[in-house]
Amino acid sequence: MNTAARADELPRAPLPGVQGLSSEEADARLRADGPNLLPGSEPQSFGWIALGVVKEPMFLMLLAAGTGYLVLGDTAEATFLLASVLLIVALTLFQERKTQRALEALRELSAPRALVLRDGRELRIACREVVCGDVLVLREGDRIAADAALLEGALEVDESLLTGESVPRPKLPEPAQRDGLEPDGESGASVYAGTVITQGTGLARVCATAGRTAMGRIGVALATTQAPASRLYRQSRRIVRGFAGAGLAVAALLVLLAWLRDGQGFVASLLPAIAFAMAVLPEEIPVVLAVFLALAAWRLSRQKILTRRVDAVEVLGAITVLAVDKTGTLTQNRMALVELAGADAVFKAGSDAQLPPALTELLECAMLATPLKPFDPMEKAIRAVGDARLGPDSSARLGAEPAQQYPLTPQLLAVTHAYGGEIPGRYFLATKGAPEAVMDLCRLPGPQREAVQQQVQDMAARGLRVLGVASGEWTGAALPESQQNLTLRFAGLLGLADPLRPTVPQAVQDCREAGIRVIMMTGDHPVTASAIARQAGLPNPSDVLTGTDIDALDDASLRSRLRNTAICARLRPEQKLRLVRALQADGGTVGMTGDGVNDAPALKAADAGIAMGERGTDVAREAAALVLLDDSFASIANAIRQGRHVDDNIRSAVRFIFAVHVPIVALALVPALLRWPVLLLPAQIILLELIIDPACSILFEAQPADPALMRRPPRPATDSPFALRNMAYGLLQGLGLALALLAANGWMLGQGWPAAEIRTALFASLVAGLFLLVLVHRHSVNILKNPWLPRLAAGVAVLLSLVLWQPWLRGVLGFVAPSGRGAAGLLLILGAMTLWLLALRYLSAASQGAADDGRLRQGRRL
């Protein structure tokens, strides 16, 4: 494996005095030592997945039913059931492996990265590719990739993960370490894998990787520690266990009832009880959650949104407040020259119009006062516009070097470049700097100075950073020592800004329509923050809450003020944490962005911490639940959209699961209580599971998003797919189907139909009813647009054809060939089911619409 080919090269020169490995040496050591991974971080093996499947209650019940039929001598039924066991295991393994592949791909994306010296230059590589001998480039906020010896620099490192000490330890290089000796365990020059640099920069040579590091020696327990299960998953397990317990209790009563009341043998009475327990158990729910959340996280990663914790996807749909940073999230995190202003003309740099002559001179002067190869972002912006607007014969583009430069000083915030001409002793002067400093150098008279100051204030009020520009000539044998002795004339003003991302206003509008408040939290100047807020479309842009204001407010007053404030400026990191907690205390579900070490507490405190991927530190990324790989605010809106989409689909799947289990339970329980002939056998329940599982884990997961998804209010944070309202809708749907089937069974028995013919008609009606549930389910998008619907329909048709027309299968399942009156009964039952489901859908939609309108109006008032 060629690690250099996979690395992200940074265009930086090698640092003097320290050399890293070559790509060939690194590849050889990686092959010899293996990847830099802790023990226990390997993906779960196929065998462990299979063992987990075998332990599932449904598998054990199937095994018990198959064994029971063998004891009774029904080898055909037993063979079918045991074959079904293998099919269920294969299907479950396929679903588990599909989920695991998605999670492994996410882990690969979220794997920490390290900056190393390779082939004499800096490369960003995955931490798993770090080898002994690599030279790490360490910076504030980085998590160290391997144990290493510090060679250059001075650091402070948080080693609390290893030592439990909260105070960062200072690290300085030792002379012995430069000879490549391994560091002593207590050495102040040793840095350790997993610890965090809180201050400073440096270079360190790797001396241990993987399980040979100090962290690796602590034990496998640290490496295999996993985050606790999400709230949604815990709720699902509690519900599944509750139903399983209730089902087993009722099944035990059914065994006693059949044994004692009806005089059946123990094994014969056990089989209907097993059928009932299988009917009650909603084992599809954990599969649905695992598949839906993992695939949602994978889809987010394709939109440049990395989900570090899969359970964060469930929180996205409930976010009511987005606290976003200004620089790099709302803006592009780069300076651009957007305006040139003279005494009588103003020009917008983004315009297609021709640059006026007076402002051409202004731009030329600004270019001549700027280095040919600038490092400062503002000077780069001036160069970019000058190269685009000025002709190739312009003096500013000829590449001349100044004869003398007057640098910026604390006393005079301006810089002047003096260029010699063809005549000795004559110089052209170009100056730029703070407007006040340039006006002082030009010695502007009072009225002109007031006019320029008014221009500066107007530009600053629009969030622009303003520079003054001047030009002049000097004649003399030598230039003066100080800029104050030069003679200059004022040329005009430059307005620079960190431009708003083009997608931000629409994304803010989308959030507003979705009932989500957007609050800017920045350390920048209030005037700049207000200007960007106005461009982004945030409400009340002139109402700015500053860090000083926050310190003067108690918690109750702060919560009250935040209800009507969208811009917070001049903030310290601890104030961001206080703001997040205040918003949560006021009932909000908060998503927050951050990029620095000091943002980590607020990111952890937020309901959904969102770190910046491009400019964020390792600590911020690890504290966050989501990472924006492109640092774009529009990506946050996309993440919320995806969160709401997956929440919709999970709710649909949960409603469907409860709806389909009600008629199955009814057909398994009521005949045993009323001494009717058995209507559902374990083998028939298995066939139903082959329809229910794909419908839940594939069809509903692929359901397209509602176009009006972001015009709905956020769901309450306490609202769960397992809330009574959502489950009650599914239970009512299933109740209608169950009543129709039981009523039909009672009528057919009264008409003297044979038990096998009744069982055949009811089973076909139940299968058709399950498909009908899919069609009339409360979807936000027409189900006919789902690409998996035709495949499910074809599968159902093939399944029914096999069990009704294949003689061996028909005999095993206790069915008979379809008859005319059976088909007529099927149509009548389906008609009753359809009327019930449509009426219920209409009433539910009306009730839900009224509730959503009320929440959306309340959200917009906030």
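Residues numbered from 1 in each chain as written. Predicted model: local features only at pLDDT ≥ 70, side-chain atom pairs only at ≥ 80, totals over all residues. Heavy atoms only, no water.

> Tell me about the packing of aromatic side chains, and please be specific about residues and values.
By the definition in use, this model includes four aromatic pairs. Aromatic pair Phe656 and Phe700: ring centres 5.2 Å apart, planes at 45°, arrangement tilted. Within this pair, whereas Phe656 is found in helix 25 (residues 633-674), its partner Phe700 is found in the loop between helix 26 (682-699) and helix 27 (724-750), the two being separated by 44 residues in sequence. You'll find Phe656 and Phe700 in the same group, each marked buried. Measuring from centroid to centroid gives 6.2 Å for Trp747 and Trp753, while their planes differ by 70°, and the two rings are edge-to-face. (Phe/Tyr/Trp six-rings, centres within 6.5 Å; stacked < 30°, edge-to-face > 60°. Helix = DSSP H or I, 4+ residues; strand = E, 2+ residues; numbered from the N terminus. Buried < 20%, exposed > 50% of the residue type's maximum accessible area, 1.4 Å probe, protein only.)

> For unusual backbone geometry, give the residues involved together with the corresponding values.
Even without being glycine, Asp119 reaches a positive phi, approximately 55°. Among the residues examined, Asp119 registers a relative accessible area of 33% and is labelled partly exposed. One non-glycine residue with positive phi stands out, namely Asn540, at about 50°. Mapped onto the secondary structure, Asn540 falls in the loop between helix 19 (526-536) and strand 19 (544-546). Since its relative accessible area comes to 43%, Asn540 is described here as partly exposed.

> Give a detailed account of the sheet that holds strand 21 (residues 590-594), specifying residues and quantitative values.
Read from one edge of the open sheet, eight strands run 9-23-22-21-10-18-20-19, paired in mixed fashion. Of all the strands in the sheet, the pair left with one neighbour each is strand 9 (305-307) and strand 19. Across the sheet, the mean angle separating the axes of adjacent strands is 20° when strand polarity is ignored. Taken together, the four bridges between strand 10 (residues 321-324) and strand 18 (residues 517-521) define a ladder with parallel strand orientation. (Pairing = 2+ DSSP bridges. Axes fitted to C-alpha atoms, helices over the stretch in contact; angles between N-to-C directions.)

> So what about the pairing of strand 11 (residues 336-341)? Which residues, and what values?
The buried fraction of strand 11 is high, at five of six residues. Sheet topology places strand 11 next to strand 17 (residues 489-497); five bridges connect them, and they run antiparallel. Across the sheet, residue Leu340 finds its bridge partner in strand 17, namely Leu494. Bridge count between strand 11 and strand 12 (residues 346-348): three bridges; the pairing is antiparallel.

> Which residues make up the sheet that holds strand 12, and what are the values?
Strand order in the open sheet made by the seven strands is 12-11-17-16-15-14-13, with antiparallel pairing throughout. Edge positions in the sheet fall to strand 12 and strand 13 (404-406), since each has one partner strand and no second. Neighbour to neighbour, the strand axes of the sheet diverge by 20° on average, direction disregarded. One ladder, built from seven bridges, connects strand 16 (residues 465-475) with strand 17; its direction is antiparallel. When the sheet's bridge partners are listed, Val469 is paired in strand 17 with Gly492.

> Give a description of the packing of helix 11 (residues 284-302) against helix 25 that names residues and reports values.
Running from N to C, helix 11 and helix 25 point in directions that differ by 160°, and their axes come no closer than 10 Å. In terms of orientation, helix 11 and helix 25 fall into the roughly antiparallel class. Both helix 11 and helix 25 take part in a crossing whose hand is right-handed. On the side of helix 11, the interface is formed by Glu284, Ile285, Val288, Leu289, Phe292, Leu293, Ala296, Arg299 and Leu300, while helix 25 contributes Asn638, Ala639, Gln642, Val646, Asn649, Ile650, Ala653, Ile657, Phe658 and His661. Residues belonging to the contact of helix 11 with helix 25 are distributed by class as follows: 13 nonpolar, four polar and two charged. (Parallel < 35°, antiparallel > 145°, perpendicular 65-115°, else oblique. Left-handed = near helix turned anticlockwise from the far one by under 90°. Contact = heavy atoms within 4.5 Å. Nonpolar A, V, L, I, M, F, W, Y, C, P; charged D, E, K, R; others polar.)

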